[in-house]
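# Structural overview
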Amino acid sequence: MAGIRERARAEVVAEIVRLARVQVAESGAAALSLRAIARDLGMVSSAVYRYFASRDELLTRLIIDSYDRLGVAAQAADDAVRRRGDFAARWRAIAAGIRQWAVDNPAEYALLFGTPVPGYAAPLDTIGPASRYTGVLLALLADVQAGGRVPSDAAANLPQQLLVDVAALCGRLDLAIDDDLLAAGMVAWANVMGAISLELFGHLHNVIDTPCSLFEAVVVEHTGRLFPGTAAPIS
């Protein structure tokens, strides 16, 4: 009997999450309403609170699920590169995988990287999932380091304060990555995510007819920085 109840509860939770994603896609995360979900389910509003204690708890569930899905996409893109020592190919694949996930799931991308929801503060539970996709990049940089392929000028022209901050980060996380390489990797990551955001949030409309070409240019630029002599196009 307990198993039946647990399955029934899991089904209701899954439907609440599905309806919440529909709401977020149609109206934005700030408009997420447990009462509206209760109406769609044919429940009294108080019944929904037996599954999620608050809007923020449901929003946290959506965020964690989306970060996990993004992390899976980034990892799958990296894993698909059979030549593990071809670090440039892995970098291009990871970047392309993240962008493709964003293009396929624009509402989820906006939930993670768009306008913060007023009054919502992400709990500590989101930190691990949020680090999952960046962890794929860190694993690549660690492999570059272990393979002795760190470019001699990785940190050329980067602000000194950034290098100081990165050195502190390396110390806190005990990363087996040179400060210079990590700093260059973080700049590359920031540029890739920025290019995706420009595309997904419509900032390139009437500016660039093929937004993916800007993304590709960013990836190629940083391929050349991180892996000199290998800056081939990603497509």
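Analysis parameters
Residues numbered from 1 in each chain as written. Predicted model: local features only at pLDDT ≥ 70, side-chain atom pairs only at ≥ 80, totals over all residues. Heavy atoms only, no water. Helix = DSSP H or I, 4+ residues; strand = E, 2+ residues; numbered from the N terminus. Buried < 20%, exposed > 50% of the residue type's maximum accessible area, 1.4 Å probe, protein only. Contact = heavy atoms within 4.5 Å. 1 Å grid on protein atoms, 1.4 Å probe; cavity = no way out; pocket = protein on both sides within 12 Å on 5 of 7 lines; lining within 4 Å. Points joined across faces, edges and corners; volume = space filled by probe spheres on them. Nonpolar A, V, L, I, M, F, W, Y, C, P; charged D, E, K, R; others polar. Salt bridge = Lys/Arg side-chain N within 4 Å of Asp/Glu carboxyl O. Phe/Tyr/Trp six-rings, centres within 6.5 Å; stacked < 30°, edge-to-face > 60°.

## Observations concerning the side chain of Thr126
- Of note, Thr126 is situated in the loop between helix H6 (106-113) and helix H7 (127-130).
- For Thr126, a relative accessible area of 7% gives the class buried.
- Dropping the residues within four chain positions of it, Thr126 is found in contact with Thr60, Ile63, Ile64 and Tyr120.

## Section: the environment of Pro123
- Following the sequence through the fold, Pro123 ends up in the loop between H6 and H7.
- For Pro123, a relative accessible area of 29% gives the class partly exposed.
- With 67 residues separating them in the primary sequence, Pro123 and Asp56 have C-alpha atoms 9.5 Å apart.

## Some remarks on the side chain of Glu199
- Tracing the backbone shows Glu199 in helix H10 (residues 179-200).
- Sequence-distant contacts of Glu199, that is, excluding residues within four places in its chain, are made with Arg99, Val103, Leu204, Pro211 and Cys212.

## A few points about empty space enclosed by the protein
- Under the defined criterion, the tally for this structure stands at 1 cavity of 30 Å³ or more.
- Approximately 50 Å³ is the volume attributed to the largest cavity.
- Around the largest cavity, the lining residues are Trp91, Ile94, Ala95, Ile98, Leu137, Trp189 and Val192.
- Broken down by secondary-structure element, the contributors of at least two residues to the lining of the largest cavity are helix H5 (87-104) and H10.
- The dominant element in the lining of the largest cavity, judged by the number of residues it contributes, is H5, at 4 residues.
- Taken together, the residues of the lining of the largest cavity sort by class into 7 nonpolar, no polar and no charged.

## Here we look at the pattern of salt bridges
- Counted according to the given criterion, the structure contains 11 salt bridges.
- Across the pair Asp68 and Arg132 runs a salt bridge whose closest N-O atoms are separated by 3.4 Å. Note that Asp68 is positioned in helix H4 (residues 55-79) and Arg132 in helix H8 (residues 132-146), a separation of 64 residues in sequence.
- Its relative accessible area of 25% is what places Asp68 among the partly exposed residues.
- Note on Arg132: relative accessible area 39%, which makes it partly exposed.
- Among the salt bridges present, the one from Arg225 reaches Glu221, with a minimum N-O distance of 3.8 Å. Of this pair, Arg225 and Glu221 are both found in helix H11 (residues 211-226), 4 residues apart, which corresponds to roughly one turn of the helix.
- The class of Arg225 is partly exposed, set by a relative accessible area of 37%.
- For Glu221, a relative accessible area of 47% gives the class partly exposed.

## Notes on the packing of aromatic side chains
- Tallied over the full model, the rule gives 5 aromatic pairs.
- Consider the rings of Tyr67 and Phe113, whose centres lie 6.3 Å apart with planes at 90 degrees: the pair is edge-to-face. Here Tyr67 is found in helix H4, whereas its partner Phe113 is found in helix H6, with 46 residues between them in sequence.
- For Tyr67, a relative accessible area of 12% gives the class buried.
- For Phe113, a relative accessible area of 23% puts it in the partly exposed group.
- Summarising the aromatic geometry, the rings of Tyr109 and Phe113 are spaced 4.7 Å apart at their centres and angled 45 degrees between planes, so their arrangement reads as tilted. In this pair, Tyr109 and Phe113 both sit in helix H6, 4 residues apart, roughly one turn of the helix.

## Digging into the environment of Asp65
- Assignment of secondary structure puts Asp65 in helix H4.
- Sequence separation of Asp65 and Pro129 is 64 residues, and the distance between their C-alpha atoms is 8.0 Å.
- Not counting the four nearest positions on each side in its chain, Asp65 is found in contact with Val17 and Arg21.

## Remarks on unusual backbone geometry
- At Asn157, a position not held by glycine, the phi torsion is positive, near 70 degrees.
- Relative to the helices and strands, Asn157 resides in the loop between H8 and helix H9 (160-173).

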